Amino acid sequence: MMSFLSKDTNAQRRFKWPWGSESPLSAQLLVDIPPEIELSDYRRLPSSGSESPSGLLQGEGFKQDPIPDLDIFFERLYEYFCAKGLRCIITKWIIEILNVLFMVCCIGFFFLFVDWNALGHLKCGVEALESGEKPCDLKKVIKHDPLFPFTLPKMITVGSMVILTTYGLTNFVKFFVQLRSTLIVRQFYYDSLKVTDLEIQTISWPRIVEKVVLLQKSQKLCVVRDLSEHDIIMRIMRKENYLIGMVNKGILSFPIHSWVPGAGPTVRSHAHDRRNYLILPKALEWTLNWCIFQSMFDSNFCVRKEFLTSPAVLKKRLVFVGVAMLILSPCLAIFPLVYVILRHAEEIYNHPSTASSRRWSNLSRWIFREYNEVNHFFRHRMNNSALHSLNYLKQFPTPLVSIMAKFVSFVSGGLAGALIIIGFVDESILEGHIFGRNLFWYTIVFGTIAAVSRKVVADELQVIDPEGTMCFVVQHTHYMPKRWRGKESSELVRREFETLFQYTIIMLLEEMASIFITPYLLIFEVPKRVDDILRFISDFTVYVDGVGDVCSLSLFDFRRHGNRNYGSPSDALKSLRSSQGKMEKSFLRFWRMEILTLQ
């Protein structure tokens, strides 16, 4: 059993918010809700009981070669585990470099060298023979001087190629910079943990962490005290836990319209008595990570006081990044466009029904992810929820759409079948033209329409039970807002659920649109939330000996953040509780996963 880090022995408050206010958060607190299921099996785990001098985090790991940064060391340890060995890491790096090189070549060829106007007028096959022209002379569609004249679209294309090439070169250099630390981690696995690259393919992560904890009996990693499993995970997820907390407390919600791409569930704003929308596309997540989480800690893993007391500096940084991203947004938009074409075009061509498949959005991942939940455990939980989530959305059949889809499927499928039969009789007939297109083209179009329309047709044997299917979903997502309870069959719940579990093609389009939406948010909306962001960091930060400053919600401090509705032994101030019992749920999942895996 792991040792539980008690607040009394190892943790203490780090900051007191300098601006003074009655409530720790002035806006965007999610309304606390009664429990879905009481967590009656709660038991407090024993304290680690280890007292050590504080303030000695620097120079922590030592035996023969001191470990200068335990955060980076444990992150590399986890990354090595997820990558499954050195050969996989090197292979993945080579593939990533080749992918970037391939994308640069594709952007340059298709946007600069191909004359799309000439390609549209190119005549091939029977049409070329009838006109007396040389059939399919592809040399005519290749530009010999692609940069002349140097127009704005060409400048944007060149700019995107330069940015993507810079990104590739940065990753190339970064790999060699990190190679030494990767080799050190590999040696640590082999010599200290006695785990080879072959064994790492099947060993569990909790077993690795247990080996690291036991290793401290013979080899000191931290001079302050021996680290527990909980300490190691808090170090690995130091920054992620803050972002999970901000999303949970509604800090990253803004007064935008529901039709804005990427807008998710609503959050009540106590300051303006309205409901704002949570939104966190990948572009915004990356910029917030760089502007906030990468700059808030000092070399001793403590939040810098000047970071908290200088909101104007953070606002300027956000606006600067927003303006820079706005200037580069036309160039940046080409990347996801080319990626979607290269990644999904062949898949949709051969399996058109995949266009109607669904995936969890980026926002949903941070809403559902729990404190101290490492990434591969979280992905496993979300993958298990996908089938139940699809079944829930099937509880809302649209008879009119289904009837029309059946007709479209019948007609398009019949026409595609007829053309295929004609092709078997005489394939040359398919070269004939109708309305300027040959019959091959019509066969593909009708087949695609038939495949997509069949996915829209409702299952006639489907049993309608939205409450029951939602229960299966909640077992994996652990997310059930108060406004959803008892309304599982309502249109409101369905719409909000669809913002989290989206069609794949819609989600990809929204990620492309987020390149233009994120600059707006960074320039106009996020700076307005800087005071609340800094107040959250101040009020939810504690210092832990041997670990540094961490989000207090990830410490599972029930006396300070507990909610009796979710099994906590004590009730904290409403403003300091996690929303919807996330801390209590995280506590149960964290220890349960560790114990079950170690059995």
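For the structure itself, consult the block above.
This write-up is about the structure you can find in this document.

1. Section: the overall build of the protein chain
Right, so step 1: A count of helices and strands for the protein chain gives 23 helices and 10 strands.
Right, so step 2: The 599 residues of the protein chain split such that 48% are buried.
Right, so step 3: Within the protein chain, contacts between residues separated by at least 24 positions form 75% of all contacts whose residues are at least 6 apart in sequence.

2. Overview of the packing of aromatic side chains
Right, so step 1: Inspection of every chain in the model, using the stated rule, returns 29 aromatic pairs.
Right, so step 2: Ring pairing ties together the aromatic residues Trp360, Phe368, Tyr392, Phe396, Tyr479, Trp484, Phe497 and Phe501, which thus form one cluster.
Right, so step 3: Taking NZ or CZ as reference, Arg235 lies 4.8 Å from the ring centre of Phe301, over its face.
Right, so step 4: Over the ring of Phe297 we find Arg238; its NZ or CZ atom is 5.7 Å from the centre of that ring.

3. Observations regarding the environment of Arg437
Right, so step 1: As for its placement among the helices and strands, Arg437 is situated in strand 7 (residues 437-438).
Right, so step 2: Classification of Arg437 as partly exposed rests on a relative accessible area of 43%.

4. Topic: the nonpolar core
Right, so step 1: Residues Phe74, Tyr189, Trp205, Ile292 and Ile537 are the most contacted members of the largest nonpolar core, which totals 110 residues.
Right, so step 2: Take this core: its biggest share by element is 7 residues, from helix 2 (residues 70-83).
Right, so step 3: Every residue in contact with Phe74, bar those within four places of it in the chain, is listed here: Val212, Leu221, Leu227, Ile232, Arg235 and Ile236.
Right, so step 4: Counting residues in hydrophobic clusters, the runner-up holds 14 residues, among them Val100, Val104, Ile334 and Phe335.

5. Some remarks on the pattern of salt bridges
Right, so step 1: Tallying each qualifying case throughout the model produces 17 salt bridges.
Right, so step 2: One salt bridge connects Asp197 with Arg186, and the closest N-O pair in it is separated by 3.4 Å. On the criterion of sequence distance, the pair formed by Asp197 in the loop between helix 6 (152-192) and helix 7 (205-215) and Arg186 in helix 6 is long-range, its members being 11 residues apart.
Right, so step 3: You can call Asp197 buried: its relative accessible area is 11%.
Right, so step 4: Using a relative accessible area of 24% as the deciding quantity, one classes Arg186 as partly exposed.
Right, so step 5: Notably, a salt bridge pairs Arg589 with Glu370, separated by 3.0 Å at the nearest N-O pair. Of this pair, Arg589 sits in helix 23 (residues 582-598) while Glu370 sits in the loop between helix 14 (362-368) and helix 15 (375-393), and the two are 219 residues apart along the sequence.
Right, so step 6: On the accessibility criterion, Glu370 (2% relative accessible area) is buried.
Right, so step 7: One network of salt bridges, with partners in common, ties together Arg358, Glu491, Arg494 and Glu498.

6. Remarks on the environment of Val185
Right, so step 1: Along the chain, Val185 turns up in helix 6.
Right, so step 2: Counting along the chain gives 108 residues from Val185 to Leu77, while the straight-line C-alpha distance between them is 6.1 Å.

7. Points about the pairing of strand 9 (residues 541-544)
Right, so step 1: Residues of strand 9 alternate between two faces, with Thr541 and Tyr543 on one and Val542 and Val544 on the opposite face, all of them buried.
Right, so step 2: Examined bridge by bridge, strand 9 and strand 10 (residues 548-551) share 4 bridges and lie antiparallel to one another. The partner of Tyr543 across the bridge, within strand 10, is Asp549.
Right, so step 3: As consecutive antiparallel partners, strand 9 and strand 10 are separated by 3 residues, and within that stretch Gly546 has a phi angle of approximately 85°, a positive value.

8. Comments concerning helix 3 (residues 86-113)
Right, so step 1: Over its 28 residues, helix 3 runs 39 Å from end to end, which matches the ideal 40 Å to within 8%, given 1.5 Å per residue.
Right, so step 2: Those residues of helix 3 that sit buried are Leu86, Ile89, Trp93, Val100, Met103, Val104, Cys106, Ile107, Gly108 and Leu112.

9. Quick word on unusual backbone geometry
Right, so step 1: Note the cis peptide between Phe148 and Pro149, where omega equals -5°.
Right, so step 2: The phi angle at Lys194 is positive, at roughly 60°, despite the residue not being glycine.
Right, so step 3: Its location among the elements puts Lys194 in the loop between helix 6 and helix 7.

10. Here we look at the environment of Gly245
Right, so step 1: Within the element layout of this structure, Gly245 appears in helix 9 (residues 238-248).
Right, so step 2: Each residue touching Gly245, except ones within four places of it in the same chain, is listed here: Tyr371 and Phe536.

11. Quick look at the side chain of Arg369
Right, so step 1: Within the secondary structure, Arg369 is located in the loop between helix 14 and helix 15.
Right, so step 2: Summary of buried charges: Arg369 has no salt-bridge partner, and the nearest side chain of opposite charge, Glu373, is 5.4 Å away.
Right, so step 3: At a separation of 2.9 Å, a polar atom in the side chain of Arg369 contacts the main-chain carbonyl oxygen of Glu373.
Right, so step 4: Those residues in contact with Arg369 that lie beyond four places of it in its chain are Met237, Glu240, Ile244, Val374, Asn375, Phe378, Arg381 and Lys582.

12. Section: a nonpolar patch on the surface
Right, so step 1: A cluster of nonpolar residues, Phe102, Phe109, Phe110, Phe111, Phe113, Trp116, Leu119, Leu337, Ile341 and Leu342, forms a patch on the protein surface that exposes about 910 Å² of accessible area.
Right, so step 2: Breaking the nonpolar patch down by element, the ones donating at least two residues are helix 3, helix 4 (116-120) and helix 13 (334-350).
Right, so step 3: Looking at the nonpolar patch element by element, the count peaks at 5 residues for helix 3.
Right, so step 4: Considering the arrangement of structural elements, one finds Ile341 in helix 13.

13. Looking at the side chain of Arg577
Right, so step 1: With respect to the secondary-structure elements, Arg577 resides in the loop between helix 22 (558-561) and helix 23.
Right, so step 2: Among the polar contacts made by the side chain of Arg577, one reaches the main-chain carbonyl oxygen of Ala572 at a distance of 3.1 Å.

About the criteria used
- Residues numbered from 1 in each chain as written.
- Predicted model: local features only at pLDDT ≥ 70, side-chain atom pairs only at ≥ 80, totals over all residues.
- Heavy atoms only, no water.
- Helix = DSSP H or I, 4+ residues; strand = E, 2+ residues; numbered from the N terminus.
- Buried < 20%, exposed > 50% of the residue type's maximum accessible area, 1.4 Å probe, protein only.
- Contact = heavy atoms within 4.5 Å.
- Phe/Tyr/Trp six-rings, centres within 6.5 Å; stacked < 30°, edge-to-face > 60°.
- Lys NZ or Arg CZ within 6 Å of the ring centre and 35° of its normal.
- Core = buried A, V, L, I, M, F, W, Y, C linked by side-chain atoms within 4.5 Å.
- Salt bridge = Lys/Arg side-chain N within 4 Å of Asp/Glu carboxyl O.
- Pairing = 2+ DSSP bridges.
- Expected span 1.5 Å × (residues − 1).
- Lys, Arg positive; Asp, Glu negative; His and termini not counted.
- Polar contact = N/O pair within 3.5 Å; in protein donor to acceptor, adjacent residues only side chain to side chain.
- Patch = residues over 30% accessible without salt bridge, like charges linked within 9 Å, V, L, I, M, F, W, Y side chains within 5 Å.
- Areas by Shrake-Rupley, 256 points an atom, 1.4 Å probe, with all protein chains shown as cover.

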